[in-house]
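The lines below spell out each chain.
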Amino acid sequence: LSDPQERVQSIYAHIGKLPRANYDLLERLVFHLARVAQQESANRMTANSLAIVFAPCILRTDKVMQMQDKLSDIGKQTVYVFI
């Protein structure tokens, strides 16, 4: 989706479909990462840096993919997590 507002709404819609345990885990992880990002002056981890590190783990798939395709998806994954 090219429109940022539509992208955010779509992400929230998908998050709302998660099983309760997964939703709770994601909520706690995001809360923790937000706290880490608040300490950027001490740990040099911006929200964007955290998205780069955690996006591939949060948004991984079971599909078999070539490594090059996985690497090209990192940019998209980072955008979704950074929102």
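Anything mentioned here points back to the structure above.
This one's a predicted model, so the numbers in the text were calculated from it and none came from an experiment.

> Please give an account of the pattern of salt bridges that cites residues and values.
A full pass over the atoms with the stated rule returns 1 salt bridge. Its salt-bridge partner being Arg-20, residue Asp-24 comes within 3.4 Å of it at the nearest N-O pair. Highlighted residues: Asp-24 and Arg-20, both in helix α2 (residues 20–38), separated by 4 residues, approximately one helical turn. Residue class for Arg-20 comes out exposed when judged on its relative accessible area of 61%.

> Give me helix α4 (residues 47–58): which residues, what numbers.
Within the span of α4, buried status applies to Leu-50, Ala-51 and Ala-55. One side of α4 carries all its buried residues, which in axial view fall inside an arc of 125 degrees.

> Any details on unusual backbone geometry? Residues and values, ideally.
A positive phi angle, near 60 degrees, is found at Arg-44, a position not held by glycine. As for its position among the elements, Arg-44 is in the loop between α3 (40–43) and α4. The class of Arg-44 is exposed, set by a relative accessible area of 71%.

> I'd like a rundown of the packing of α2 against α4, residues and numbers included.
Contact pair α2 / α4: the axes reach a minimum separation of 10 Å and the direction vectors enclose 155 degrees. Comparing the axis directions of α2 and α4 gives the class roughly antiparallel. Viewed along their axes, α2 and α4 form a crossing whose handedness is right-handed. Contacts from Leu-26, Leu-29, Leu-33, Val-36 and Ala-37 in α2 reach Ala-47, Leu-50, Phe-54 and Ile-58 in α4. In terms of residue class, the contact of α2 with α4 is made up of 9 nonpolar, no polar and no charged.

> I'd like to hear about the environment of Leu-29, residue by residue, with values.
Position of Leu-29 relative to the elements: it lies in helix α2. C-alpha separation for the pair Leu-29 and Phe-54, spaced 25 residues apart in sequence, amounts to 10.0 Å.

> So what's going on with α2? Residues and values would help.
Spanning 19 residues, α2 covers 27 Å between terminal C-alpha atoms, matching the ideal 27 Å at 1.5 Å per step. Within the sequence span of α2, burial applies to Leu-26, Leu-33 and Ala-37. Down the axis of α2, the buried side of the element spans an arc of 40 degrees, and every buried residue falls inside it. For α2, the exposed residues lying more than 90 degrees away from the buried face are Arg-20, Ala-21, Leu-25, Arg-28, Phe-31, Arg-35 and Gln-38.

Quick notes on the rules
- Residues numbered from 1 in each chain as written.
- Predicted model: local features only at pLDDT ≥ 70, side-chain atom pairs only at ≥ 80, totals over all residues.
- Heavy atoms only, no water.
- Salt bridge = Lys/Arg side-chain N within 4 Å of Asp/Glu carboxyl O.
- Helix = DSSP H or I, 4+ residues; strand = E, 2+ residues; numbered from the N terminus.
- Buried < 20%, exposed > 50% of the residue type's maximum accessible area, 1.4 Å probe, protein only.
- Arc of directions from axis to C-beta.
- Axes fitted to C-alpha atoms, helices over the stretch in contact; angles between N-to-C directions.
- Parallel < 35°, antiparallel > 145°, perpendicular 65-115°, else oblique.
- Left-handed = near helix turned anticlockwise from the far one by under 90°.
- Contact = heavy atoms within 4.5 Å.
- Nonpolar A, V, L, I, M, F, W, Y, C, P; charged D, E, K, R; others polar.
- Expected span 1.5 Å × (residues − 1).

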